[in-house]
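# Remarks on the overall topology
Residues per chain, in single letters:
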Amino acid sequence: MGKLGTLIAAFALVAAGLSAPSAAAPGSPPEAQAEQLAAAGQAASTGRIGGADRYAVAVNISKYRYADPATAKVVYLTRSDTFADALTAGTLEDGPVLLVRPECGTLPAVTATEVARINPSRVIALGGTTSVCDKVLAQAAGGRATGRLGGVDRFESSANIARGAFSGGSATVYLTKGEVTPDAVVGGSLRDGPILLVSRDGRSVPAATAAVLAELNPTNVVALGGPASVSEAALTAAGAGRTVSRVGGANRYEVAANIAKRAYPSRTSRAYIARGDGNNFVDAVVSGMLKDGPVLLTPGTCEPVNSHTKAFLRARHPSAVVALGGTSTLCSSTLVGASMAARAKPDCAVLKCVAITYDDGPGAGTPTLLNTLASKRVPATFFVVGQMVDGNPAPTRRAYVEGHTIGNHTWDHKQLTTLTKAQQQWEVDVTDNELGQHGVKATTLLRPPYGSYNTNTRNLGFPLILWDVDPRDWDGPPSSATTRQNVVSAARNGSIILMHDVHWNTVNAAPGIIDDLHSLGFTLVSLDELVPGMKPGNVVYRRGSVTVQGVPADSSELGPVLDESGVPGLAPDRSPQEILQGAGNGG
Ligand code: NI
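Residues numbered from 1 in each chain as written. Predicted model: local features only at pLDDT ≥ 70, side-chain atom pairs only at ≥ 80, totals over all residues. Heavy atoms only, no water.

Here four strands make up an open sheet; going across it, the order is S1-S12-S10-S11 and the pairing parallel. Every interior strand has two partners, whereas the edge strands, strand S1 (45-49) and strand S11 (295-298), have only one. Within the sheet, the average angular offset between the axes of one strand and its neighbour, ignoring direction, is 30°. Alignment of strand S10 (residues 270-275) against S11, held across four bridges, turns out to be parallel. (Pairing = 2+ DSSP bridges. Helix = DSSP H or I, 4+ residues; strand = E, 2+ residues; numbered from the N terminus. Axes fitted to C-alpha atoms, helices over the stretch in contact; angles between N-to-C directions.)

As a further point, take the side chain of Thr111. Its place among the elements puts Thr111 in helix H4 (residues 109-118). A distance of 3.0 Å separates the side chain of Thr111 from the backbone oxygen of Leu99, its partner in a polar contact. Setting aside residues no more than four positions away along its own chain, Thr111 makes contact with Tyr55, Val59, Leu77, Leu98 and Leu99. (Polar contact = N/O pair within 3.5 Å; in protein donor to acceptor, adjacent residues only side chain to side chain. Contact = heavy atoms within 4.5 Å.)

The next thing to look at is the environment of Gly391. Along the chain, Gly391 turns up in helix H15 (residues 386-391). Sequence separation between Gly391 and Pro362 is 29 residues, and the spatial gap between their C-alpha atoms is 9.0 Å.

For H4, the full list of buried residues reads Thr111, Glu114, Val115, Arg117 and Ile118. Taken down its axis, H4 places every buried residue within 160° of arc, on the same side. For H4, exposure combined with an orientation more than 90 degrees from the buried face picks out Ala109 and Thr113. Remark: Asn119 follows H4 within two positions and exhibits a positive phi of approximately 50°. (Buried < 20%, exposed > 50% of the residue type's maximum accessible area, 1.4 Å probe, protein only. Arc of directions from axis to C-beta.)

Spelled out as structure tokens, the structure:
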């Protein structure tokens, strides 16, 4: 990659407001080092190829992919609103796909400038004149030769794109639904064959597709998407006499993850993430030109990473995750969440693991704490108080999207042992309802206020998460230096560390605490990772110290069963009054 490309990529990454040490340069990654970090539970570095609008995003992807303009022979153009003609353009490898305005609108300046930078021998419109009119094509070409890879409809367009990209035939051909779906778009990661369209209802093979199938004469025909996208009948008809198979999935996110697995069967140092809900995947359309990692999809502008995307990232743990599109398309929190998901799964039977937890919030300092956790790429658990979420939901929503665990700390921090079973149930249910209103899924972990619980509490359906390290950051509160010292001196392998993000001193202690724990060789993990297999009614103090109600503990997994009298002294937490007073001023 040339200097220019490095500069541009670096600019795009800086523009995202996130540090991205190795995300910029394909071909020059310090990957051995990055992989070792990933192996120790480090999240991926993040980057972004953004832009002010979709035209600029396409240009920036082109600048990244074709940093050396001599490597592109042509430039393809497609209209930016209905990209039916460009759905399968991801298989084109000889030049970028840039966007023009619909209805013969003014040529975007960024597109014109990028054509000039690439200086191709030819500028090619994807689709007929209704997609890219002759006037805009001529303007963009600026005196260079022009051409069209078009057809009377999308089916002929995709057939002609296939002819252009695989003129010598292809052993494999992929089929997708002829509707505008992202399956074809993310299929651009697949380099071993073209993508052809079946009918818009997925049930038949259009004549244009049948004709190019006969020409390419593949031995394998692979459907992308489930039977609702490409029906068995259509696959059988297209595959006549050939080997047929399917890269399926229950939804577009799973299909994308399965395509990524097929395109990158062993590992990938990088993964791209693009918005993929509804018809909001124009950035993914132009991503077909990226050949150094798969494109995964995320629903909406600022949603948690989909479970299928998460599973792929977890399994392949790329060292860099790169967002496609500006922050108004794909927010930074989703990108942070993707990088957290890309942590290699830590084995706490081998590593020295601890989990950090923050109670009683959200508070005024919670966003600052989230910045620290994001920059150090460390997961935490937030045991939130429902009425604090009610007053200030944004930090909890953000923590959730960024991949942290949200736990239940009751609605108003009552001591549960003073309540009836029904009242206890109300405390946790109302908190879950409040979280649900902000798109945060119901909690699965409960921390009873003051660490105080009884049999009724154990029957609420949650593991009860207590702690073995209490720096008493609520008592005074102490200075940040004291809290840091108290945490670091008490932490040991398997610890659950109790802190309170309603105190600024605790928030300000976080960078030092995380650095010290890392220096001492600890891997910071989520509670699920620290103590796998927790069950409702378990009382969890640390890894290896779990009391189990009714059934014996699986000591190989959870550690020895403790008599509850064997629990280390539990200092009381704070009173509800103290919490509510402390929250407003962050004290
Ligand atoms: Ni508390």
